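Coordinate inspection notes
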Amino acid sequence: MPLSVPRRLLLALCWLPVAALADGSLSAERAQELETLLYQDCGSCHGMTLRGGLGPALPESRMNAYSRDGLAALILNGVAGTAMPGWAGLLTEQEARWLADHLQNDNPLDK
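Residues numbered from 1 in each chain as written. Predicted model: local features only at pLDDT ≥ 70, side-chain atom pairs only at ≥ 80, totals over all residues. Heavy atoms only, no water.

With an unreviewed UniProt entry as reference, the chain is termed Cytochrome c55X, source organism Halomonas ventosae.

**Quick word on the overall build of the chain**
Within the chain, the secondary structure is distributed over five helices and zero strands. Counted from the first residue to the last, the chain has its helices and strands arranged as α-α-α-α-α. In the chain, which comprises 111 residues, the share counted as buried stands at 28%. Long-range pairs, those at least 24 residues apart, make up 58% of the contacts in the chain with a sequence separation of at least 6. When the accessible surface of the chain is summed, it comes to about 7300 Å², and 61% of that surface belongs to carbon and sulfur atoms. (Helix = DSSP H or I, 4+ residues; strand = E, 2+ residues; numbered from the N terminus. Buried < 20%, exposed > 50% of the residue type's maximum accessible area, 1.4 Å probe, protein only. Contact = heavy atoms within 4.5 Å. Areas by Shrake-Rupley, 256 points an atom, 1.4 Å probe, with all protein chains shown as cover.)

**Digging into the pattern of salt bridges**
Within this structure, the stated rule accounts for four salt bridges. A salt bridge links Glu-33 to Arg-30; its shortest N-O distance comes to 2.9 Å. Of this pair, Glu-33 and Arg-30 both sit in helix H2 (residues 28-46), three residues apart, roughly one helical turn. The exposure class assigned to Arg-30 is partly exposed, which follows from its relative accessible area of 22%. A salt bridge links Asp-69 to Arg-68; its shortest N-O distance comes to 4.0 Å. A cluster of three or more residues bridged by salt bridges with shared partners is formed by Arg-30, Glu-33 and Glu-95. (Salt bridge = Lys/Arg side-chain N within 4 Å of Asp/Glu carboxyl O.)

**Thoughts on H2**
Each turn of an α-helix holds 3.6 residues, which means side chains three or four residues apart point in the same direction. Leu-37 marks where H2 bends most, by close to 30 degrees. Residues Ala-31, Leu-34, Leu-37, Leu-38, Tyr-39, Cys-42, Gly-43 and His-46 constitute the buried set of H2. Turning to H2, the residues buried within the fold contact helix H5 (93-105). The positive-phi residue at the C-terminal boundary of H2 is Gly-47, with phi of around 90 degrees. (Bend = angle between axes of the 7 residues up to and from the residue.)

**Digging into the side chain of Asn-107**
By the secondary structure assignment, Asn-107 is in the segment after H5. Ignoring sequence-local partners within four residues, the contact set of Asn-107 consists of Leu-58, Pro-59, Glu-60, Met-63 and His-102.

Okay, here's the thing in structure tokens:
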């Protein structure tokens, strides 16, 4: 049974947020959540200001030793033999790339 015009319009409107994010961008709300995760969760080992603690400091200069995709893979998979866990169970590849980009280009430590 085909959908009526109002139902098709409603269905199309519901998909607008999904379509808007199909280009790989994150919502402003999700970006804020990821930044909070970075400074709180990652900060629990790397220091709340990412200047180091149990784990090493994460300055932009160090983060740019990796490609964005390489750093995202490190975030998702962790580092074997260290306390650095993989975050693949909690983050998507897109979100890990956003974090990597943030660490490489919008990192307050080198500014």
